[in-house]
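# Tertiary structure, described
This is what each chain is made of:
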Amino acid sequence: MQPEQTRRTSLLAALALLALAACWGSTFFMIKDLLDRVPTLDFLAVRFAIASVVLLVVAPKALGRLSPVVRRHALVLGLLYGVAQILQTAGLAHTPASISGFVTGLYVVCTPLLAAAILRTRIPPITWAAVALATVGLGVLALNGFSIGYGEAITLASAVLYALHIVGLGAWSTAQDAVGMTILQIMVIAVVCTAATAHDGIVLPDRAADWWSVVYMAVVVGALGLLGQTWAQAHLPPTRSAIIMSMEPVFASFFAVWLGGEDVTTRLLVGGAMVLVAMLTVELAPRRVVEGEVTHIAV
């Protein structure tokens with residue numbers, strides 16, 4: 001691929017991840033009251049089951065084109081993501097939502113550490129600086145007192161699994177396998193979430209508005225979102241991807257102010273600005289300065 005085409009593809013991949021962060025951020029407002037009526041794991045099971053069906057209908061032959069190695073990778077990635085969802089949900093029951101959001105966002109720290117350890121990559125100083133700035137920004141956005149307890153501990157475990165998922169996608173995903181890998185990952189996530197909640201039955205939404213929220217989460221955020229992430233990470237290093245996706249709480253605050261009528265606070269402005277600067281740092285700095293990373297490995 002020519003340098004100019006590579007830069008264009010890299011920019012498109014970064015924009016895809018930024019759009020994904022915006023979609024994730026929009027869900028905090030859109031389903032704010034849904035989980036009062038539908039248990040979270042039940043919601044996740046239904047959401048990913050719908051996403052699986054939609055993708056299978058749209059691309060029925062994509063799974064068959066995957067090699068055995070790619071299928072194994074997709075199974076591992078789906079399992080990581082599914083278990084991370086369950087741990088994050090369990091942690092949310094024992095810790096305030098703001099702290100849960102901050103601890104989950106620590107995947108932005110875990111990602112370069114795991115990339116360095118697993119992929120033997122060198123993380124340049126400017127990237128570490130962006131990681132630190134994004135972490136502090138997340139803290140300013142979310143924290144008002146902090147203590148380590150059971151909820152925080154298992155939420156941190158989910159952040160590590162999310163980071164592993166980001167590192168794994170960066171190492172294993174390819175543009176040509178993106179659709180098939182996405183379908184298999186989502187199917188595994190659906191099975192994991194269903195297995196976690198099936199023992200007491202699955203509660204379905206009973207309002208039309210709730211079903212619209214579920215469909216949006218399944219099709220746009222779930223199916224298209226993970227497809228976009230899988231494709232984008234075929235073109236971007238894991239740490240850069242994590243920093244871009246750390247914009248999620250910034251978008252969540254934006255939608256809460258815009259659609260939810262919440263007040264604009266100094267914490268929101270300062271914390272959001274820090275995360276935004278961190279993202280722009282890795283996007284605008286010369287690639288040779290930011291990326292000392294290996295993006296694909298074969299296992």
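Refer to the structure printed above.
The structure displayed is predicted, hence computed values, not measured ones.

### A closer look at empty space enclosed by the protein
In this structure the tally under the stated criterion is one cavity of 30 Å³ or more. Approximately 60 Å³ is the volume found for the largest cavity. Considering the residues around the largest cavity, the lining is formed by Trp24, Arg47, Phe48, Tyr81, Ile189, Val221, Gly222, Gly225, Leu226 and Gln229. Among the elements that make up the lining of the largest cavity, the one with the highest residue count is helix 9 (residues 208–232) (five residues). The residue makeup of the lining of the largest cavity, split by class, is six nonpolar, three polar and one charged.

### Considerations on the pattern of salt bridges
Under the criterion given, the structure shown has one salt bridge. When the shortest N-O distance is used, the salt bridge between Arg37 and Asp210 registers 2.7 Å. One end of the pair, Arg37, is in the loop between helix 1 (3–30) and helix 2 (40–58); the other, Asp210, is in helix 9, with 173 residues separating them in the sequence. According to the relative accessible area criterion, Arg37 is partly exposed, its value standing at 26%.

### Digging into the side chain of Asp210
Judged by its relative accessible area of 5%, Asp210 is buried. In this view, Asp210 contacts Leu34, Arg37 and Pro205; residues no more than four positions away in its chain are not counted.

### Notes on the nonpolar core
Grouped together as the largest cluster of nonpolar side chains are 76 residues, with contacts concentrated most on Tyr107 and Ile243. Ile243 has contacts with Val108, Thr127, Ala130, Val131, Ala278, Met279 and Val282, leaving out every residue within four places of it along the chain.

### What about the environment of Arg267?
In this fold, Arg267 is placed in helix 12 (residues 266–284). Considered as a pair, Arg267 and Gly139 are 128 residues apart in the sequence and their alpha carbons are 9.5 Å apart.

### Re the packing of helix 2 against helix 3 (residues 68–92)
Following both chains from N to C, one finds helix 2 and helix 3 inclined at 155 degrees, their axes separated by 10 Å at the closest point. It follows from the interaxial angle that helix 2 and helix 3 lie roughly antiparallel. For helix 2 against helix 3, the interelement crossing comes out right-handed. Residues Thr40, Leu41, Leu44, Arg47 and Phe48 of helix 2 form the contact with helix 3, whose own contacting residues are Tyr81, Gln85, Ile86 and Thr89. The class makeup of the residues in the contact of helix 2 with helix 3 is five nonpolar, three polar and one charged.

What counts, and where the lines are drawn
Residues numbered from 1 in each chain as written. Predicted model: local features only at pLDDT ≥ 70, side-chain atom pairs only at ≥ 80, totals over all residues. Heavy atoms only, no water. 1 Å grid on protein atoms, 1.4 Å probe; cavity = no way out; pocket = protein on both sides within 12 Å on 5 of 7 lines; lining within 4 Å. Points joined across faces, edges and corners; volume = space filled by probe spheres on them. Helix = DSSP H or I, 4+ residues; strand = E, 2+ residues; numbered from the N terminus. Nonpolar A, V, L, I, M, F, W, Y, C, P; charged D, E, K, R; others polar. Salt bridge = Lys/Arg side-chain N within 4 Å of Asp/Glu carboxyl O. Buried < 20%, exposed > 50% of the residue type's maximum accessible area, 1.4 Å probe, protein only. Contact = heavy atoms within 4.5 Å. Core = buried A, V, L, I, M, F, W, Y, C linked by side-chain atoms within 4.5 Å. Axes fitted to C-alpha atoms, helices over the stretch in contact; angles between N-to-C directions. Parallel < 35°, antiparallel > 145°, perpendicular 65-115°, else oblique. Left-handed = near helix turned anticlockwise from the far one by under 90°.

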